[in-house]
Every structure is written in C-alpha cells, then in structure tokens.
Amino acid sequence: MAYFQVREARRLREERARPFVVVDLEPSAAWGNLINLVVKNTGSTVATDVRMVFDPPLESSDPNNT
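Rules used throughout
- Every residue gets a number counted from 1 within its own chain, in the order that chain's sequence is written.
- Where totals are concerned, whole chains, interfaces and linings use all residues; where local detail is concerned, this predicted model gives features only for residues with pLDDT of at least 70, and gives and counts side-chain atom pairs only at 80 or more.
- In computing side-chain values, all of the structure's heavy atoms are included and hydrogens and water are not.
- Where helices and strands are cited, they refer to DSSP runs of H or I of at least four residues and of E of at least two residues respectively, numbered from the N terminus.
- Using C-alpha atoms as the atom set, the radius of gyration is obtained and then compared with a globule rule of 2.2 Å times the number of residues to the power 0.38.
- Working definition: with a 1.4 Å probe on protein chains only, accessible area under 20% of the residue-type maximum means buried, over 50% means exposed, and in between means partly exposed.
- Note on contacts: a residue pair qualifies if any of its non-hydrogen atoms lie within 4.5 Å across the two residues.
- All accessibility values rest on the Shrake-Rupley procedure with a 1.4 Å probe; residue burial counts only the protein chains present in the view.
- Counting rule for charge: Lys and Arg are taken as positive, Asp and Glu as negative, and neither His nor the chain ends is counted.
- By convention, charge coordinates are those of NZ in Lys, CZ in Arg, CG in Asp, or CD in Glu.
- Two rings from Phe, Tyr or Trp (for Trp, the six-membered ring) form a pair when their centres are within 6.5 Å of each other. A pair whose planes differ by under 30 degrees is stacked, one over 60 is edge-to-face, and the rest are tilted.
- The quantity called pLDDT is the predictor's confidence in a given residue, expressed from 0 to 100.
- Salt bridge, as used here: a side-chain nitrogen of Lys or Arg that lies within 4 Å of a carboxyl oxygen of Asp or Glu.

A. Broad picture of the overall build of the protein chain. A count of helical and extended segments in the protein chain gives 1 helix and 2 strands. Going from the N terminus to the C terminus, the protein chain shows its helices and strands as α-β-β. Scaling as 2.2 N^0.38, a compact globule of 66 residues should have a C-alpha radius of gyration of about 11 Å, whereas the protein chain reaches 19 Å, well beyond that. With the C-alpha coordinates of the protein chain rotated into their principal frame, the extents come out at 65 × 25 × 15 Å. Taking all 66 residues of the protein chain together, 3% fall into the buried category. Sequence-distant contacts, at least 24 apart, represent 27% of the contacts inside the protein chain between residues at least 6 apart. Split by element, the accessible area of the protein chain, about 6,400 Å² in all, is 55% carbon and sulfur. The average position of the 8 basic charges and that of the 9 acidic charges among the side chains of the protein chain differ by 16 Å.

And the structure:
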C-alpha cells in the first residue's frame with residue numbers, strides 16, 4: 001500500500017514540475033483590430049525543444065509585413 005502512495009506522490013510531483021506550453025490568441029492592446037498570437041509556458045520549469053507547425057502556414061494581414 002505504501003509503495004503505491006509513494007509512486008502516486010512522485011507522479012504528481014513530476015507532473016506539477018513539467019513545462020506546459022500554451023498557444024493563445026489575444027486582442028492587441030496597441031491596435032484595435034489586431035490579434036496577437038501568444039505562446040506561453042505556464043509550467044514551473046523551462047520548456048526546451050518547442051516546435052510549432054501551422055497547417056496551413058500563418059499569414060499576416062499587415063501589408064507592410066512581407
């Protein structure tokens with residue numbers, strides 16, 4: 001019984017300590033009609049080797065951004 005409690009406590013501790021990367025859309029504070037793509041790590045450790053792929057690829061609506 002104690003073995004299972006220790007194993008579960010370890011699993012929960014490791015789960016809380018892992019990185020958790022979130023991709024979100026937020027309205028721009030500077031410009032009224034723009035939306036920012038925001039990538040955040042809400043976990044308690046550093047996220048490494050993070051890769052994002054968008055299918056289809058993202059396009060900017062800004063005519064000055066080519």
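B. Spotlight on the packing of aromatic side chains. Throughout the structure, instances matching the rule amount to 1 aromatic pair. When the ring of Tyr-3 is compared with that of Phe-4, the centres are 5.4 Å apart and the planes differ by 70°; the resulting orientation is edge-to-face. Classification of Tyr-3 as exposed rests on a relative accessible area of 55%. The class for Phe-4 is partly exposed, based on a relative accessible area of 47%.

C. Here's a closer look at the environment of Leu-25. The topology assignment puts Leu-25 in strand S1 (residues 21-27). Look past the residues within four positions of Leu-25 in its chain and what remains in contact with it is Ile-35, Asn-36 and Leu-37.

D. Region of interest: the confidence of the model for the protein chain. Model confidence for the protein chain is summarised by a mean pLDDT of 85, while 98% of its residues fall at 70 or above. Here helix H1 (residues 2-17) is the element of the protein chain with the lowest mean pLDDT, 83, and S1 is the one with the highest, 91.

E. Just the pattern of salt bridges, in detail. Applying the stated criterion to the full structure yields 2 salt bridges. Two residues, Arg-11 and Glu-8, come together in a salt bridge whose shortest N-O distance is 2.6 Å. With a gap of 3 residues between them, Arg-11 and Glu-8 both fall in helix H1, about one helical turn apart. A relative accessible area of 40% places Arg-11 in the partly exposed class.

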